[in-house]
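Chains, contacts and geometry: an overview
Residue-level listing of the chains:
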Amino acid sequence: MSTPANDGRVPLIEPEDLPVEVKRENEYGSLGSRDYLYQVKSLKDEPIQRPIIDTPPYYISLITYLNYLILMILGHVHDFLGMTFQKDRHLDVLERDGFAPWYSKFESFFARRMKKRIDDCFSRPTAGVPGRFIHCIDRISHNLNEYFTYPGSTSMCLNLSSYNYLGFAQSEGQCTDAALASVDNYGVQSGGPRTQIGSTDLHVEAEKLVASFVGKDDAMIFSMGYGTNANFFNAFLDSSCLVVSDELNHTSIRTGVRLSGTAVRTFKHNDMAGLEKLLREQIVLGQPKTRRPWKKILICVEGLYSMEGTVCNLPGIVALKKKYKCYLFVDEAHSIGAVGPNGRGVCDLFGVDPADVDILMGTLTKSFGAAGGYIAAQQWIMDRLRLDLTTANYSESIAAPVLAQIISSLKTITGELKPGEGKERLQRIAFNSRYLRLGLQRLGFIVYGSPDSPVIPMLLYCPSKMPAFSRMMLQRKIAVVVVAYPATPLIESRVRFCVSAALTKDDLDYLLRHVSEVGDKLYLKLSSGRASPPEDGNPPRWDIEDVIARTAEDCKDNKYFVI
């Protein structure tokens, strides 16, 4: 099978009846050169800096607001005319037979008149493994995405849309072999030799491996990552406690905090001065009305923020946690396995002792190619959580094939299984992340995030450019994820490139060529060059040939990035 060529030709490969060698290449590309590897270095001796946020010209912000204003005006005009002359098409927002409408006209406006118009850019159905390439099932939109029909064909696209960071989601390889063997021994449900009530020996082995990997005494694994966060806080906190939360924390954390009934205060993203001020105020004020001291204060952050591509300032947070005697919770859903010299997350990246973080949470769906989540902490915390945490009592346990996938991928990363492969995967994703990020910056795009983050947000701004970019990339056989309000600020619509170790440099060159072409057509190259200063007299916006020729070597030098 041929990889995407540098001349921009689209690779077309039929999904059915492929030889094993071709299938493996489609799911995990061969390393072209040892030069395309990068060993991440610990930041222990380097202070973390606030990233330079490049901003577009003022007229871009003005045009973006005007875009939304026009869309809202047209949407309300459409609502008025439709509810006056076509009531049968708006039964869900109109009172009928004395019953209240199913939806509020105002609250459902954004979903009906804005999101629905670009629904073809979201939730695209796929088939097969989300590896280097992904098979998108073709569909035809009718009546402005009212419904879709399916002709029965698929399109093979370069995959920049999946959280398969280390490429372990494969139909061939040691992880798949382990999962199939577990089916023979345990079946597809949770059964087999039991070592404790409700757990198989695979559960126990997986929990021990996770605890050892993240540097904690013990761990619990759960069948759903979202549910891990949504139920943890209820067991650890009550109404006499306080959560101090980063404003960009994931919705699963917010759901869990609401369910616990605890008080919550937020601070600006990665603002250490604001966090310290908030902690001091809350310690002095205490609980509302009674002014009693808080029973617990829990600082809650994420290791890697999936919408921004930034890492938390863990050394600064740990220093404040020790100073004010608080608990610290770190959600490593996107950082575990993908960040750090050894893939052990933000503690590994910053050289922070995991003992300084009270609770480490993570998901097993991304870097490990499996499903579920985990909580890891000191033994006394885990002993209590095993009694109080409702997730373990009221949810299904993880099935044996998923556990086998977790165990085999962890052992690959640590070198116990297939020595050297895990290290290569970590070095490949580090190189790919740096190369793509610096390449986009040199082409003139505004890009957010930290240099080693596998999530690379590229700003689009105008809402009309979001579906245009997504559709134009799909025409070029590239699958991407576009994101907008309410997941991001209103005027900061973006595309999130999700980098994988399965991608090759040729794949990224192919991507850069087409992104550059589409960026010129949609007028997306808005960078001032502040975030990536020009070197050797080069302008803020480079030619694509210069980017491909020079960026592979430059991306290994930290002087081109803000750490």
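Residue positions are given per chain, counting from 1 as you read along its sequence in written order. For a predicted model such as this one, the threshold for reporting local features is a pLDDT of at least 70, and the threshold for listing and counting side-chain atom pairs is 80 or more; totals across whole chains, interfaces and linings nevertheless cover every residue. Heavy atoms from the whole structure form the basis of all side-chain values; hydrogens and water molecules are not counted.

An unreviewed UniProt entry annotates the chain as serine C-palmitoyltransferase originating from Torulaspora delbrueckii. UniProt positions are given in the numbering used here, feature names are shortened, and annotations may be inferred rather than shown by experiment. Per UniProt, the chain carries the Cofactor (unreviewed entry) text "pyridoxal 5'-phosphate". In its Catalytic activity (unreviewed entry) section, the UniProt record describing the chain reads: "L-serine + hexadecanoyl-CoA + H(+) = 3-oxosphinganine + CO2 + CoA".

**Topic: the packing of aromatic side chains**
In this analysis, rings of Phe, Tyr and Trp, with Trp reduced to its six-membered ring, are considered paired at centre separations within 6.5 Å, and the interplanar angle assigns stacked below 30 degrees, edge-to-face beyond 60, and tilted for intermediate values. Scanning the model with the defined rule gives 11 aromatic pairs in all. With a centroid separation of 5.3 Å and an interplanar angle of 25°, the aromatic rings of Phe232 and Phe329 are classed as stacked. Residue Phe232 is found in helix 6 (residues 225-236), and its partner Phe329 is found in strand 12 (residues 327-331); the two are separated by 97 residues along the sequence. Summary of the burial criterion: residues with accessible area below 20% of their type's maximum are buried, those above 50% are exposed, and those between are partly exposed, where the area comes from a 1.4 Å probe applied to protein chains only. In this structure Phe232 comes out as buried when scored by relative accessible area, which is 0%. For Phe329, a relative accessible area of 0% gives the class buried. Taken together through their ring pairs, the aromatic side chains of Phe232, Phe233, Phe236, Tyr327 and Phe329 make up a single cluster. Between the NZ or CZ atom of Lys296 and the centre of the ring of Phe236, over which it lies, the distance is 4.7 Å. In this arrangement the basic side chain of Arg425 is found over the ring face of Tyr28, its NZ or CZ atom lying 4.3 Å from the centre. Helix and strand assignments follow DSSP, with helices taken as H or I runs no shorter than four residues and strands as E runs no shorter than two, numbered in order from the N terminus. Consider the ring centre and the ring normal. A charge sits over the ring if Lys NZ or Arg CZ is within 6 Å of that centre and within 35 degrees of that normal.

**Re the sheet that holds strand 8 (residues 218-222)**
At least two DSSP bridges between two strands are required for those strands to pair. Reading across from one edge, 8-14-13-12-11-9-10 is the order of the seven strands in this open sheet, with mixed pairing throughout. This sheet does not close on itself; its edge strands, each paired only once, are strand 8 and strand 10 (263-267). Strand-to-strand twist in this sheet, taken as the mean axis angle between neighbours without regard to direction, amounts to 20°. This element, helix 9 (residues 314-324), spans strand 11 (297-302) and strand 12 of the sheet and lies at about 155° to strand 12. Axis definition: a line fit to C-alpha positions, over the contact stretch in the case of helices; interaxial angles, taken between N-to-C directions, run 0 to 180 degrees. In what follows, a contact means two residues having at least one pair of non-hydrogen atoms within 4.5 Å.

**Remarks on the UniProt feature "transmembrane region" (unreviewed entry) in the chain**
As recorded in UniProt, the feature "transmembrane region" (unreviewed entry) lies at residues 58-77. With 100% helix and 0% strand, residues 58-77 has its two end C-alpha atoms placed 29 Å apart.

**A word on the nonpolar core**
Grouped burial of nonpolar side chains is what soluble globular proteins tend to show. One finds Leu314, Leu436, Leu440, Met458, Phe469 and Phe497 to be the most contacted residues of the largest nonpolar core, which totals 115 residues. Among the elements that make up this core, the one with the highest residue count is helix 14 (residues 421-443) (nine residues). Domain delimitation follows an automatic or database domain assignment. The two domains that each donate at least three residues to this core are domain 1 (29-159 + 420-562) and domain 2 (174-414). Discounting residues that sit within four places of it in the chain, Leu440 has contacts with Phe445, Val447, Ile456, Met458, Phe497, Leu512 and Val515. In this text, buried Ala, Val, Leu, Ile, Met, Phe, Trp, Tyr and Cys residues form a nonpolar core when linked through side-chain atoms within 4.5 Å.

**Things to note about the side chain of Gln287**
Residue position: Gln287 is located in the loop between helix 8 (272-285) and strand 11. Among the polar contacts listed, one links the side chain of Gln287 to the backbone oxygen of Pro293, at a separation of 3.0 Å. Ignoring any residue separated from it by four or fewer positions in sequence, one finds Gln287 in contact with Ser240, Arg292, Pro293, Trp294 and Lys295. Residues adjacent in sequence count toward polar contacts only when both atoms are side-chain atoms; beyond that, a polar contact is any pair of N or O atoms within 3.5 Å, and within protein one must be able to donate a hydrogen and the other to accept it.

**Examining the domain arrangement of the chain**
According to the domain assignment, the chain consists of domain 1 (29-159 + 420-562) and domain 2 (174-414). Distance between the C-alpha centres of domain 1 and domain 2: 28 Å. Listed as interface residues are 25 residues of domain 1 and, on the opposing side, 27 residues of domain 2. Throughout, buried area stands for the accessible area (probe radius 1.4 Å) lost by two parts on being put together, summed over both. Summed over both partners, the interface of domain 1 with domain 2 comes to about 2000 Å²; 59% of that surface belongs to carbon and sulfur atoms. Any Lys or Arg side-chain nitrogen found within 4 Å of a carboxyl oxygen on Asp or Glu counts as a salt bridge. A salt bridge links Glu308 to Arg494; its shortest N-O distance comes to 3.1 Å. Looking at the side of domain 1 that touches domain 2, the elements that each hand over two or more residues are helix 14, strand 15 (455-461) and strand 18 (493-498). The element contributing the most residues to the side of domain 1 that touches domain 2 is helix 14, with four residues.

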